[in-house]
Structure formats: structure tokens, C-alpha cells
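Working through the structure, step by step
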Amino acid sequence: MTRRNPPLRERHADRGASFTGFGGWEMPVEFDSITTEHEAVRETAGIFDVSHMGEIEVAGPDATRLMQRLTTNDPSGLVPGEAQYTAVLREDGTLIDDTVVYRLPDDRVAEITGNTDGEAYLFVPNAGNDIDTYDRWVDYRDNEDLAATVRNVTEEWAMFAVQGPDAPGIVNDAADADLTALGRFDLTATAVAGVDCLVARTGYTGEDGFEILCPWGDAETVWDTFDVQPCGLGARDTLRIEQGFLLSGQDFHPDDEPRTPYEAGIGFVVDTDTAFVGRDALVNAGDPERAFVGLELLDRGIARHGYEIVDGETVGIVTSGTKVPTLDRPVALGYVPTALAEPGTEVDVLVRGRETAARVTEPPFGD
Amino acid sequence: MSFDVPSDRRYLESHEYLTDDEPHRVGITDFAQDELGDVVFVELPDEGEELSAGEEFGVIESIKAVSDLYIPVTAEVTAVNEELFDRPELVNEDPYDDGWMLEVEPTGDDGDLLSADEYDDQIQ
């Protein structure tokens, strides 16, 4: 299958980035070193090209209803310029994807969507999920006869994340609007480096900062205005693992790792007062038997995706694991029976057939 | 980008080196450490272990990848660089000197080893 390229692929290659395939995209994995990039985000600031994130736009009189039916959280409470973390489920209650839904600011709805009637949303399926997600939205809309336009605008928007303690000041300096006033999970339309962008105070690193959506064709102007450490998917992974954030497709997957939002530790995005797809299965399932936990490795060894967690016998599975540059011990994320989920519980991880001691820990690690 | 390929050793296609001088040392090349990125874990055999040319002798992990290590020559392990257990980053910083992995005493065939020039051609 042909890989999809972010708009600045050549620019990143010239900067010395190495690349990796991710969700059908060819993305920079490392610019300098994962350690350098990870530390920059924790100590100052770094910029990520996350143009592999999908963008789906939903607008019209029934837009809110459509979003409400296909996501677990309730978007009807969002005012223009607000965002929420949410999930997309199968009918059986297991996770297809997690995403952020942005309700577009009123002053940009008509310009962006060509639509003046009803609410407008933009949400960001994970890499490679945009096409199936678009089909899911269109099929549901047509079956329910809802009045909403749905557009897959993944290749109309580039997306950059500027993250780190210095990120708010840096992005604010480049923007026309006063971004320091923007609250967490709020969104505004403003020019960045003279380019009309959508800027949200969201991210995937555990640091303060912004995610910037800019027109695909203006990506270079926006990227170049930030004189901060460029970071690849390698550091994005170590940063999110350190925080215990889920990676769609790896920490859950509809076929390979089917998990409900309760098992995956994101029950807070489920509003069972709305009639979303998967709701009834979740309500009928009762308490989850497994929990998503952090693990700190106590012996030498690094736990990786797919390694077994054992306690006399196999009791669980590691879904993500690495050595985080700023932590002394290797860490992992995975699923264990709820009886073993209490922080401090000791288990073993099978690292190449060897039992390696580990301790259940509640992320973020290192606190 | 150009990588250091010293001429005082021979190489495996899988990027391990064997020094010509005694004690013969085994490690990975400058090119290999750069490909791996930040090395965070090294698993090595015990002293006294006997290995056949081309056999796996250990594992190296960077933040992003896990790779097997292969022995260039049939040999007995006479020393292991235990410094790497605490400071695996030495493989990145100095792969040909402080980042060595094993000292070995050859007891049989070496595999089909590449000269420095041949290895340099391979990584171009």
C-alpha cells in the first residue's frame, strides 16, 4: 500500500529525520535523539508534526445528534470553542478509537464548513482510521436519515503540537489572539505566523501546550516560525507512556486487543445518559474484570508490546513498554485482573522467557 | 552521513565487529548504533560460554527497537563488558572502544567476515 506523506516530509528529511511507517503514514520517528527530544519537551519545548492525525468535519442541524450517537461522551454540552476527549465503540462496547472532538468557534463555522445551519464539529481519528471513521459516520447518518454534512478533511489540515513548559509563551508570541487566556481543552481561530489556523490547548505529552491545525499548503510557514526542538514519534511515544496515555491500535484494538473504555481506564469519557453505539453492551457488562495499569520493572529488562504478565501463571499482557529517558526504571502499560491492579502489587513480566519482577504503579510514572 | 569504519577489525553484515588484535573484542559498529538510536539495555552471555560463528550471543535494545547480536567467530567468551549494564549509552558514545561487548578466544572458524572496505561499501 502506498504510504501517505505529511506535507513537510522533504523538509524533515533535510533536517536529518529518520522515518517510520505509522498507521499508513510515513512519519518522522527521530530528529536528533529520542532522549534529547523527550527532555526538551519536559524542560523547555518541542514541536511535533502530527499531520498523520485524521480530521473529520461534521456540520448541520443534526450534527450534534450524529456525534452523540457515535461517541461515548456527550458533545451537546460543548459551546463553540470547546473540546472533549471521547471514544468510538463497536456495538459490543469495545473501543475502535479514542479522539478529541472540537466544537468549531462560531466565527469560523461558515468559512470552514460552508454551512450556516446548526452546529459544527471537527474531530481527530488516530492515524489511518480516518477513512473507516468517515464511512462509519456517513453510513450512520444515512441509515438514521440525519441532516449533517460529513467530510474527511485529513489532507486539508496539517497538524503540529507545540508542547512543554515554554510552549504557551512561544505559541502566544506567534499568534494574533491572546492564547494565554485559552483554557485547557479550549479552541480558537487565530492567525499563527500570518496563517489562519485553529489552535487548541490540547496535547498528548502531559505538558502544557497547543495543537495547531493549519491549511496543508501553509504548513511550512507555520512550522518554520517555531525555533524549538523538532520531535518525532519516538519521543511522542516515550512521553505518552510516561503519562499512561493510551495509544489507539496498540493499547486497544477492535480485533487484536478488544477492550471496553472501563477496562482501558477511560470510563470518564462514557456518558451512559446518551444513546451511543455500544452503550447497552457496556451497561449490561457489569464491572470490568481487567484493568489498565502501569508497571515499573524492578529487574534488568525492558517489557515490550505483547509480553506476558505472570503471577504463577499468565495473568495479563503488556501493551506498551519502553525505557523512558528521564526515568531510572523501564516502565510498561498493560492489562491485569482487577485483583492485581492495586498499586504496589508485585507481578512478573516474561522478558524473552525470563521472569522479570515488576510492580504495579499508577501513572504518571516518576511522580 | 558518514560513519567510522576502522581498518583494524573485520565485520559481519549484521553490523558486529571483531578486532584483529588480541584480546579480540566484539561489539557493534558506528552505523549500527546510529540506526538503533539511544541504547538502553544490553544482554550479554556469561564468561566461559562457547559460541559458534553466526550464533546469537545477546540482545541490544534501544528505546525504539530490540535487536539480536551475532558472534563473528567460533569462540569462547573470556570477558564481558559489565560496564554496559549500568551505562548502555557507551555503545552510542564510543562503539569501538568503551562500548565493546565481549572479549573472545577463537576456537574455530570465523564466519565469512567483511574487510573494513567491504563493510563500508555495504553501508553506503
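Basis of the calculations
Residues numbered from 1 in each chain as written. Chains lettered and ligands numbered in written order. Predicted model: local features only at pLDDT ≥ 70, side-chain atom pairs only at ≥ 80, totals over all residues. Helix = DSSP H or I, 4+ residues; strand = E, 2+ residues; numbered from the N terminus. Buried ≥ 20, exposed ≤ 12 C-beta atoms within 10 Å, placed from the backbone. Contact = placed C-beta atoms within 7 Å. Nonpolar A, V, L, I, M, F, W, Y, C, P; charged D, E, K, R; others polar. Pairing = 2+ DSSP bridges. Axes fitted to C-alpha atoms, helices over the stretch in contact; angles between N-to-C directions. Domains from an automatic or database assignment.

Quick look at the environment of Asp196 of chain A
Residues and elements named next belong to chain A.
- Relative to the assigned elements, Asp196 resides in strand β11 (residues 195–200).
- Classification of Asp196 as partly exposed rests on a count of 15 C-beta atoms within 10 Å.
- Each C-alpha atom of the pair Asp196 and Pro215 lies 7.8 Å from the other, and the pair is 19 residues apart in sequence.

With respect to the interface of chain B and chain A
- Of the residues lining the interface, 10 residues belong to chain B; the matching set on chain A comes to 14 residues.
- Elements with a minimum of two residues in the side of chain B that touches chain A: β4 (39–43) and β6 (56–62) of chain B.
- Grouping the constituent residues of the side of chain B that touches chain A by class yields six nonpolar, one polar and three charged.

Points about the sheet that holds strand β5 (residues 83–89) of chain A
All names here are of chain A.
- Across the sheet, which stays open at both edges, the five strands sit in the order β5-β6-β7-β4-β8 with antiparallel pairing between neighbours. The sheet is open, and its two edges are formed by β5 and β8 (149–152), each paired on a single side. Strand after strand, the sheet turns through a mean of 25° between neighbouring axes, direction not considered.
- Contacting β4 (56–60), β6 (95–103) and β8, helix α5 (residues 130–144) crosses the sheet at an angle of about 170° to β8.

Focus: the domain arrangement of chain A
Residues and elements named next belong to chain A.
- Per the domain assignment, the segments making up chain A are domain 1 (9–50 + 155–243), domain 2 (56–152) and domain 3 (289–361).
- The gap between the C-alpha centroids of domain 1 and domain 2 is 23 Å.
- Contacts between domain 1 and domain 2 engage 11 residues on the former and 12 residues on the latter.
- For the side of domain 1 that touches domain 2, the element with the highest residue contribution is strand β10 (residues 187–192), accounting for three residues.
- Here the residues of the side of domain 1 that touches domain 2 sort into six nonpolar, four polar and one charged.

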